[in-house]
Each structure stands twice: as structure tokens, then as C-alpha cells.
Amino acid sequence: MAYLVPSEFVTKMVDAGESKIYMATRDALIRAYMAGAILALAAVFAVSVSVATGVPLIGALLFPVGFCMLYLMGFDLLTGVFVLTPLALIDKRPGVTVGRVLKHWGVVFIGNFLGALTVACLMAYMFTFGFNTDGGKIAQTVAQIGEKRTVGYAAYGAAGMLTLFIRGMLCNWMVSMGVVGAMISTTVGGKVVAMWMPIMLFFFMAFEHSVVNMFLFPFGLMMGGHFTIMDYLIWNELPTVLGNLVGGLAFTGLTLYSTHVRTAAKRSFS
């Protein structure tokens, strides 16, 4: 599978972060839009399979197909740029500043949200035949997910918020491993296998992914979920974004960078 050793692919991570900072805003927005849309399709596919089979594990096994497609096409998720672009800043690459990193995050957030929202609208129309039916079991399931993962957290107050944040951290620990996985092989098959494993894990464990939620919650609202837009923003999206940032950067980006690029001095036994 043409495996690259960590010292090689971590350098590629820093290079990728730098290239994203220099990317034209138009290109960053389009790539983020497509990533959000494809991941949303994968999410509704996984939920559909889980509902049809009654076996959530099957949905989790199949969900990574969307992640693999979007990364093979060179599209960008917010969770990925959270890990890669700060490394270029830490590595002091020319022209990479805090302001430019934040601007890129903002562009990718907007693109991901618009792509996911587009698919949410299309799926809502399709499942309800133009909002003339209730959408069936799949729509009801997504509405229930939206309720459980907004007002469900709110019912526990601060403990619920911390739980949400931790689930966001754990999510992007795994998702960022998938992003890195795309860099450890030079073959399509190798990339897919390396991406598939951590993405399957995060989805089955119901960790909180900010971009997946950009689809699930608007779709759930359209399908009659008993929560509000503010519930979604305060009790899911914003804490999830922060958890995704901390988890991906701390558990994956900084650990790999610090031990494979900025390695400590070798031990001396003399």
C-alpha cells in the first residue's frame, strides 16, 4: 500500500496546511461546499441503512464512503483544517498568520454549512414529496436525533455541555486520524483503508461532528423535531465546533508534529 513513515507524512500535513492558507477564497468556499454536501449525503445514507436494517453498526460501516469520496476529490471539512492549518502557523511558514488561519476557518465553516444545508433541503423535500407527507421513519429518526442531542444535553445543564464538548473532542480525534490516513499511503486503496477505520469508529460511537450536524439538525427541524435553532446552536453546534478544534489539534496535530517534526534531543548514555 506504499506506506509513508510518520516523519514523511507529518511534513505533508504541514505543507497541506500552508497550501490551504494560500488558497483563493473562491476555491476554498467551493471545496468546503462540496465537502459539506457529500458528508450530508453519507449521513442520510447511513441513517437510512440503520433504519432499514435495524442494525446501527451497518450504517457506521458504510458512512465512511462519503468521507473517502470527499477527501479523494480534494474537498475540505472544517474538522480537517482545524488540524492542518495551525501546524503551518506553528512551523512559522512564510505568510501564515493567525488572522489568515481564522479567515480560512470562517470560509470553510460557511462552505460546509451551505453544502450541508442544501442537502438537508433536498432530502426534506424528497422524503416528504414536497412537504405533503410526514417523511416516514427516516425523517422521524433524524428529528428524534436532533431532540436527543440538543434539549437532551440541555436537560443536564453544565454536565450536559461538558459531555457534548468531550464528544466533540473525541470525534475530531478520530476524524483527524482519517485526514492523516489519506496521507500515509500513495495508493487509493491504502488511503481508503486508512480513512475508513477511524471514521467508522466515530460514527458508531455517536461522537459529535460539527459538519455532520450541519445536516442532521436543520433536516431534523424541517421534519418536525421539537427543538429550536437556538437549541441547535447553543446546545450542539458551537460547543461541538470548539470540541472538534481542541480534540483534533491536541490529540492528533500537535502530538504528531511535536514528536516527528520538532523531536526532542536524543538520549545520551555517555
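Please refer to the structure higher up on the page.
Computed from a predicted model, the values in this text were never measured in an experiment.

Conventions used here
Residues numbered from 1 in each chain as written. Predicted model: local features only at pLDDT ≥ 70, side-chain atom pairs only at ≥ 80, totals over all residues. Heavy atoms only, no water. Helix = DSSP H or I, 4+ residues; strand = E, 2+ residues; numbered from the N terminus. Polar contact = N/O pair within 3.5 Å; in protein donor to acceptor, adjacent residues only side chain to side chain. Contact = heavy atoms within 4.5 Å. Phe/Tyr/Trp six-rings, centres within 6.5 Å; stacked < 30°, edge-to-face > 60°. Buried < 20%, exposed > 50% of the residue type's maximum accessible area, 1.4 Å probe, protein only. Core = buried A, V, L, I, M, F, W, Y, C linked by side-chain atoms within 4.5 Å. Patch = residues over 30% accessible without salt bridge, like charges linked within 9 Å, V, L, I, M, F, W, Y side chains within 5 Å. Areas by Shrake-Rupley, 256 points an atom, 1.4 Å probe, with all protein chains shown as cover. Salt bridge = Lys/Arg side-chain N within 4 Å of Asp/Glu carboxyl O.

### Observations regarding the side chain of Thr252
Inference 1: Its place among the elements puts Thr252 in helix α12 (residues 229-260).
Inference 2: A polar atom in the side chain of Thr252 sits 2.7 Å from the side chain of Ser176.
Inference 3: Residues in contact with Thr252, not counting those within four places in the same chain, are Trp173, Ser176, Met177, Val180 and Gly247.

### With respect to the packing of aromatic side chains
What describes a pair of aromatic rings is the distance from one ring centre to the other and the angle between the planes of the rings.
Inference 1: Across all of its chains, the model carries eleven aromatic pairs by this definition.
Inference 2: Residues Phe67 and Tyr71 carry aromatic rings whose centres are separated by 4.7 Å and whose planes lie at 45 degrees to one another, so their mutual orientation is tilted. Here Tyr71 and Phe67 lie together in helix α4 (residues 64-72), a separation of four residues that amounts to about one turn.
Inference 3: Assessed through its relative accessible area of 2%, Phe67 is described here as buried.
Inference 4: Among the residues examined, Tyr71 registers a relative accessible area of 16% and is labelled buried.
Inference 5: Aromatic side chains Phe215 and Phe219 sit 5.3 Å apart centroid to centroid with 15 degrees between the ring planes, which places their arrangement in the stacked category. One end of the pair, Phe215, and the other, Phe219, are both in helix α11 (residues 210-222), four residues apart, so they sit about a helical turn from each other.

### Some points on the environment of Phe165
Inference 1: By the secondary structure assignment, Phe165 is in helix α9 (residues 157-181).
Inference 2: Given a relative accessible area of 25%, Phe165 falls into the partly exposed group.
Inference 3: Residues Phe165 and Leu238 lie 73 residues apart in sequence; the distance between their C-alpha atoms is 9.3 Å.
Inference 4: Ignoring any residue separated from it by four or fewer positions in sequence, one finds Phe165 in contact with Pro239, Leu242, Gly243 and Val246.

### A short note on the nonpolar core
Inference 1: Core analysis: the biggest nonpolar cluster contains 74 residues, and Phe9, Met13, Phe63, Phe67, Phe202, Phe215 and Phe219 have the highest contact counts within it.
Inference 2: Considering each element in turn, this core owes the most residues, twelve residues, to helix α2 (residues 25-53).
Inference 3: When sequence neighbours within four positions are dropped, the list of residues in contact with Phe63 reads Leu39, Ala42, Ala43, Ala46, Ile199, Phe202, Phe203 and Val212.

### Focus on a nonpolar patch on the surface
Inference 1: A grouping of Phe45, Val55, Leu57, Ile58, Leu61, Leu62, Val65, Met69, Leu201, Phe204 and Met205 is seen on the molecular surface, where their side chains present a nonpolar patch of about 860 Å² in accessible area.
Inference 2: Looking at the nonpolar patch, the elements with two or more residues in it are α3 (56-62), α4 and α10 (188-204).
Inference 3: One can find Leu62 in helix α3.

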